[in-house]
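Residue-level listing of the chains:
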Amino acid sequence: MINAIVGKIVQCAPDHMLVLTDSGVEYRLEVSQNTSSHMMAHKGEDGVRVLAYLQHREDAMTLFGFYSEEERFCFEQLQTVPGIGARQAIKILSGITVENLVKALDGQDVKTLSKVSGIGPKTAQKLVLQLRNVLVLEEAESSDDTSSPGQFRELIESFLDMGFERRTVVRVLDQVLEDNALLLQGKDLRSAEALVFPLVLKGLSK
């Protein structure tokens, strides 16, 4: 699996970009307008990292690019909704930011979702029903901050595997981190996870 492409952005169009790696290979990545806007500022720079998703079909292989983990996660989850493929998912993410998409799902705002290119009223209802408790924004990760829920991605995934909803897990985790900020201060991620796990589990079991 290709997780990311690192190199120089030699072309940045609204729907695609070209990245030239140090090995001399140039990749074309299909992107949303939001990713294109974010990456335009880095055009010509060396060592730019573009997150990737490779779609492998019988007739073609297509590489998609993303400026953030959140956008890639949204792209993947949008495709779990019946009738939405990779290209339509990119089209949707061109018409609405990740943050506004999550807010619309939170508020069950079918009207706002229906205005996005690639989404009609029926698809908007499907999105709300299927993704409202799946797409949840987490705080940005920080390498030395164990007070951020974004640091505990693996922990969150373990609770999802147990059948809990992402929204509920993130909410409980956020409260646990807030309540135990002093206890967690200065601890590395592994030690923090060992302390946090039983507390989150207890909170989810209430």
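These numbers come from a predicted model, not from an experiment.

*Asks:* Before we move on, can you summarise the pattern of salt bridges with the specific residues and values?
*Replies:* For the structure on display, the rule yields 5 salt bridges. Between Glu-30 and Arg-87 there is a salt bridge, with its nearest N and O atoms 3.9 Å apart. With Glu-30 in strand β3 (residues 26-30) and Arg-87 in helix α3 (residues 86-95), the pair connects residues that are 57 residues apart, well separated along the chain. Since its relative accessible area comes to 52%, Arg-87 is described here as exposed. As a salt-bridge pair, Asp-59 and Arg-57 come within 3.5 Å of each other at their nearest N and O atoms.

*Asks:* I'd like a description of the packing of aromatic side chains, backed by residues and values.
*Replies:* Here the structure, examined in full by the defined rule, presents 5 aromatic pairs. Note on Phe-64 and Phe-75: the rings are 5.1 Å apart at their centroids and 40 degrees apart in plane angle, and the pair reads as tilted. With Phe-64 in strand β5 (residues 61-66) and Phe-75 in helix α2 (residues 69-78), the pair connects residues that are 11 residues apart, well separated along the chain. Grouping residues by exposure puts Phe-64 and Phe-75 together as buried. Ring geometry for Phe-66 and Phe-75: centres 4.9 Å apart, planes at 50 degrees, overall tilted. As far as the burial class goes, Phe-66 and Phe-75 line up, both buried.

Conventions used here
Numbering of residues starts from 1 in every chain and runs along the sequence as written. Only residues with pLDDT of at least 70 are given local features in this predicted model, and only at 80 or more are side-chain atom pairs given and counted; all residues enter the totals for whole chains, interfaces and linings. With hydrogens and water stripped out, all remaining heavy atoms of the structure feed into the side-chain values. One side-chain nitrogen of Lys or Arg within 4 Å of one carboxyl oxygen of Asp or Glu is enough to make a salt bridge. Note on conventions: DSSP H or I runs of at least 4 residues are helices, E runs of at least 2 residues are strands, and numbering of each starts at the N terminus. Only protein chains enter the accessibility calculation, which uses a 1.4 Å probe; a residue is then buried when its area is under 20% of its type maximum, exposed when over 50%, and partly exposed in between. Two aromatic rings from Phe, Tyr or Trp, using only the six-membered ring of Trp, form a pair when their centres are within 6.5 Å; if the ring planes differ by under 30 degrees the pair is stacked, by over 60 it is edge-to-face, and anything between is tilted.

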